[in-house]
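Coordinate inspection notes
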Amino acid sequence: MVSQKLPDGISYSKGFQFFWNDFVDETKELTTLEDYRPSNELFNHHNIFIDEQEVYCIRGFLQVSLQNFEAAKFEGLGGTLTYFSDGIYTFTMPVKSVPEMVKLQGIIQIEMAQRVVTPLNDLRK
């Protein structure tokens, strides 16, 4: 179902590459991602979260070509973009739409957000 190789022409952060490899391993037997739910291991290890509509999502940063990137196509996959600076956005994307996201024209770089762990996290348990 999901291509094992990330498309050429885009720079991917190590965190995104690790997510992709684990995601591909987990979904390789599926014929569709429509009802896909990440395993607890993938969910916890890669900073996946559940949005207000109960959709499993990832967050990160995109660097895009302003001439070639079409935000409407990105948003059509269920993603959201927040402008950061020229050609740089923060994004949220449903996990099930990530394989289509990486195929969009105009994306230069994808960086996956990482969970911040502080000493306060231990106090909240």
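Residues numbered from 1 in each chain as written. Predicted model: local features only at pLDDT ≥ 70, side-chain atom pairs only at ≥ 80, totals over all residues. Heavy atoms only, no water.

1. Focus: the pairing of strand 5 (residues 88-94)
Of all 7 residues that make up strand 5, 5 are buried, and the element is covered over most of its length. As paired elements, strand 3 (residues 56-64) and strand 5 share 7 bridges and run antiparallel to each other. Bridging across to strand 5, Ile 58 finds its partner in Met 93. The pairing of strand 4 (residues 80-85) with strand 5 spans 5 bridges and is antiparallel. In the sheet register, Ser 85 faces strand 5, and the bridge partner there is Ile 88. Joining the antiparallel neighbours strand 4 and strand 5 is a turn of 2 residues, in which Gly 87 adopts a positive phi near 75°. (Buried < 20%, exposed > 50% of the residue type's maximum accessible area, 1.4 Å probe, protein only. Helix = DSSP H or I, 4+ residues; strand = E, 2+ residues; numbered from the N terminus. Pairing = 2+ DSSP bridges.)

2. Here's the deal with the nonpolar core
Among the nonpolar cores identified, the biggest contains 32 residues, and Phe 16, Ile 58, Met 101 and Ile 110 are the most heavily contacted of them. Those elements that place two or more of their residues in this core are helix 1 (14-27), helix 2 (40-45), strand 3, strand 5, helix 4 (98-101) and strand 6 (107-112). Per-element accounting of this core gives the leading share, 5 residues, to helix 1. Those residues in contact with Ile 110, other than ones at most four positions away along the chain, are Ile 10, Ser 11, Tyr 12, Ser 13, Phe 16, Phe 61, Leu 62, Phe 91, Met 101 and Val 102. (Core = buried A, V, L, I, M, F, W, Y, C linked by side-chain atoms within 4.5 Å. Contact = heavy atoms within 4.5 Å.)

3. Some points on the pairing of strand 6
Sheet analysis places strand 1 (residues 11-12) next to strand 6, joined by 2 bridges and oriented parallel. Across the sheet, the residue bridging to Tyr 12 is Ile 110, located in strand 6. Where strand 3 and strand 6 come together, 5 bridges link them in antiparallel fashion. Each bridged residue has a counterpart across the sheet, and for Gly 60 the counterpart in strand 6 is Met 112.

4. A closer look at the side chain of Ser 65
Of note, Ser 65 is situated in the loop between strand 3 and helix 3 (71-76). Contacts of Ser 65, omitting those with residues within four sequence positions, involve Gly 106 and Ile 108.

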